[in-house]
Amino acid sequence: MKRILVTGGAGFLGSHLCDRLLAEGNEVISLDNYFTGSKQNITHLAGNPMFEQVRHDVIDPFKFEVDQIYNLACPASPPHYQYNAIKTIKTSVMGAINCLGLAKRCKARVFQASTSEVYGDPDVHPQPESYWGNVNPIGIRSCYDEGKRAAETLFMDYHRQNGVDIRIVRIFNTYGPRMNPEDGRVVSNFICQALRGEDITIYGDGQQTRSFCYVDDLIEGFVRLMNQDEITGPINIGNPGEFTMLELAEHIMAKVGSKSKLVFQDLPGDDPKQRQPDITLAKEKLDWQPTVDLDTGLDRTIDYFRSVI
Ligand code: NAD
Ligand code: UDP
């Protein structure tokens, strides 16, 4: 049994991680400012004596006695991270410094939720961890991409300079129950639009690609990375199944039986054209690979959205 801090514990991924860690018999503290997360994601845990929720902002220092820290606090959808860009980059950088400082004092192992966005608009495809990326440092996505890149730098420097025990995962687009229906990400947008019979909003020509990982697979990857002693990462965790946004829309509409029509809107600035994880390292080092295909994962996610919207 470990005492584990999860920053961003009330978010989409954080709440699933809390469930998993509690199911394994750990004591879990969720730290969240509820900017994009929701208490509803963790209400089912409220009566659990092994679970504690703390309202706090990762930008401000915090003090706990813990064995492990998972740092997930950061808005993840483009509309939300662009809403207050300065706050977003502060969250990544100050949040990393505060988690690393805590880890150093407690001698805790600390995990950073990094992102495929560190590869920017990649000109290497699929993306291996050795690729340094193609990121615009001054664009509208930079607050997120560069914040996450700076956080990786901080993690590596605390590791080299102070011996802090770190793990870094680069997460590729993940979906599943408890996504915020209003957060503007493509899977939640398309499912909610299809269920409501609204127009499906395709940005650009819809030929850009993403690779979608089901949340349970991702969390399995997190826990495997955190609980082995061989590698620190960065390591890609994602599902290599790659789809265009048009394919995704058609898939979702067919599943929902929706009569929505597709509407084409402007492509947001710096939107990556393609993205697919190279998961060779995760297979070799963590014996990890995704087990839930898009069909099954979408069915579960559609069922969830039917029950909440
Ligand atoms: P989310 O928005 O649902 O969760 C983020 C959580 O962090 C929310 O509960 C939010 O309230 C909290 N938060 C935000 N700013 C905070 C602050 N300053 N202080 C305290 N709490 C704060 O998003 P998610 O999809 O669950 O993402 C979790 C993490 O995984 C993020 O760090 C994100 O960058 C990373 N990630 C997610 C994906 C994905 O596809 N879901 C992909 C790459 C990386
Ligand atoms: N997208 C879209 N319609 C939407 C929302 C998103 O076509 O309603 C596109 C978006 O332009 C991007 C892809 O879907 O090319 C994935 O977007 P998301 O915001 O989910 O993730 P990210 O761009 O951060 O990978």
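Residues numbered from 1 in each chain as written. Chains lettered and ligands numbered in written order. Predicted model: local features only at pLDDT ≥ 70, side-chain atom pairs only at ≥ 80, totals over all residues. Heavy atoms only, no water.

(A) Broad picture of the pattern of salt bridges. Taken as a whole and assessed by the stated rule, the structure comprises 24 salt bridges. Residues Arg-20 and Glu-24 are paired through a salt bridge, measuring 2.7 Å at the closest nitrogen-oxygen approach. With a relative accessible area of 42%, Glu-24 lands in the partly exposed category. A single salt-bridge network, built from bridges that share partners, covers Glu-117, Arg-141, Arg-210, Asp-271 and Arg-275. (Salt bridge = Lys/Arg side-chain N within 4 Å of Asp/Glu carboxyl O. Buried < 20%, exposed > 50% of the residue type's maximum accessible area, 1.4 Å probe, protein only.)

(B) A look at the sheet that holds strand β11 (residues 235-237). Pairing in this open sheet of seven strands is parallel, and the strands run β3-β2-β1-β4-β5-β6-β11 from one edge to the other. The two strands at the open ends of the sheet, each matched to only one other strand, are β3 (51-55) and β11. Strand after strand, the sheet turns through a mean of 20 degrees between neighbouring axes, direction not considered. Pairing between strand β1 (residues 3-7) and strand β2 (residues 27-32): five bridges, direction parallel. (Pairing = 2+ DSSP bridges. Helix = DSSP H or I, 4+ residues; strand = E, 2+ residues; numbered from the N terminus. Axes fitted to C-alpha atoms, helices over the stretch in contact; angles between N-to-C directions.)

(C) Region of interest: the site of ligand 2. As a matter of local geometry, ligand 2 sits amid 18 residues, with Val-186, Thr-201, Arg-210, Asp-271 and Arg-275 nearest to it. Within the contact set of ligand 2, a nitrogen atom lies 2.6 Å away from a backbone nitrogen or oxygen of Thr-201. Burial of ligand 2 by the surrounding chains reaches 96%, relative to a free accessible area of 520 Å². Put simply, the parts of the chain that give the shell around ligand 2 at least two residues each are α5 (186-196) and β8 (200-203). A per-class count over the shell around ligand 2 returns seven nonpolar, five polar and six charged. (Near = heavy atom within 4 Å. Polar contact = N/O pair within 3.5 Å; in protein donor to acceptor, adjacent residues only side chain to side chain. Areas by Shrake-Rupley, 256 points an atom, 1.4 Å probe, with all protein chains shown as cover. Nonpolar A, V, L, I, M, F, W, Y, C, P; charged D, E, K, R; others polar.)

(D) The state of the cysteines, seen in detail. Under the definition given, this model contains zero disulfides. Distance from the sulfur of Cys-18, which forms no disulfide, to the nearest cysteine sulfur (Cys-99) is 13 Å. What makes Cys-18 buried here is its relative accessible area of 0%. Residue Cys-99 stays outside any disulfide, its sulfur separated by 11 Å from that of Cys-106, the closest cysteine. (Disulfide = S-S within 2.5 Å.)

(E) Molecular detail of the site of ligand 1. Close to ligand 1 lie 30 residues, the nearest being Leu-13, Asp-32, Thr-36, Tyr-144 and Lys-148. Contact distances for ligand 1 include 3.0 Å between a nitrogen atom and a backbone N or O atom of Val-58. Leu-72 is positioned such that a nitrogen or oxygen atom in its backbone is 2.9 Å from an oxygen atom of ligand 1. Coverage of ligand 1 by the protein chains reaches 97% of its 820 Å² of free accessible surface. In terms of residue count, the dominant contributor to the shell around ligand 1 is strand β5 (residues 109-115) (three residues).

(F) Spatial organisation of unusual backbone geometry. Geometrically, the link from His-125 to Pro-126 is a cis peptide bond, its omega value of -10 degrees lying close to zero. Look at the link from Gly-233 to Pro-234: it is a cis peptide, with omega at 5 degrees. Mapping Pro-234 onto the fold places it in the loop between α6 (215-226) and β11. The phi dihedral of Lys-107 is positive, around 55 degrees, even though this residue is not glycine. As for its position among the elements, Lys-107 is in the loop between α3 (85-106) and β5. Classification of Lys-107 by relative accessible area gives exposed; the value is 73%. Of note, Arg-178 is a non-glycine position whose phi angle comes to about 80 degrees, a positive value.

(G) Highlighting the UniProt feature "domain: NAD-dependent epimerase/dehydratase" (unreviewed entry) in the chain. UniProt tags residues 4-238 as "domain: NAD-dependent epimerase/dehydratase" (unreviewed entry). Along residues 4-238 the backbone is 36% helical and 20% strand, and the end-to-end C-alpha distance reaches 24 Å. (UniProt positions renumbered as here; feature names shortened; annotations may be inferred.)

(H) Summary view of the confidence of the model for the chain. Averaged over every residue, the pLDDT of the chain is 98; the share at 70 or more is 100%. Taken over the whole predicted complex, pTM reads 0.98, whereas the ipTM for its chain interfaces reads 0.99. (pLDDT = per-residue confidence, 0-100.)

(I) Quick look at the nonpolar core. Judged by nonpolar contacts, the single largest core of 59 residues is most densely connected at Leu-17, Tyr-70, Phe-111, Phe-222, Leu-248 and Leu-298. Once you skip the residues sitting within four places of it in the chain, Phe-222 turns out to touch Leu-13, Leu-17, Tyr-70, Leu-72, Phe-111, Val-169 and Ile-171. If you look at the next biggest cluster of nonpolar residues, it comprises 24 residues, including Ala-73, Ala-96, Leu-100 and Val-164. (Core = buried A, V, L, I, M, F, W, Y, C linked by side-chain atoms within 4.5 Å. Contact = heavy atoms within 4.5 Å.)

(J) Examining the environment of Gly-133 more closely. With respect to the helices, strands and loops of the structure, Gly-133 is situated in the loop between β5 and α4 (142-162). For the pair Gly-133 and Ser-116, spaced 17 residues apart in sequence, the C-alpha to C-alpha distance is 9.3 Å. If we ignore the near neighbours within four places in the chain, the residues touching Gly-133 are Val-118, Tyr-119 and Arg-149.

(K) Expanded view of helix α7 (residues 245-256). Spanning 12 residues, α7 covers 16 Å between terminal C-alpha atoms, matching the ideal 16 Å at 1.5 Å per step. Among all positions in α7, only Met-245, Leu-246, Leu-248, Ala-249, Ile-252, Met-253 and Val-256 are buried. End-on view of α7: buried residues confined to an arc of 160 degrees, all on one side of the axis. Buried positions along α7 lie against α5, β8, β9 (209-211), β12 (242-244), β13 (262-265) and α9 (294-308). Trailing α7 by a residue or two, Gly-257 shows a phi angle of about 70 degrees, which is positive. (Expected span 1.5 Å × (residues − 1). Arc of directions from axis to C-beta.)

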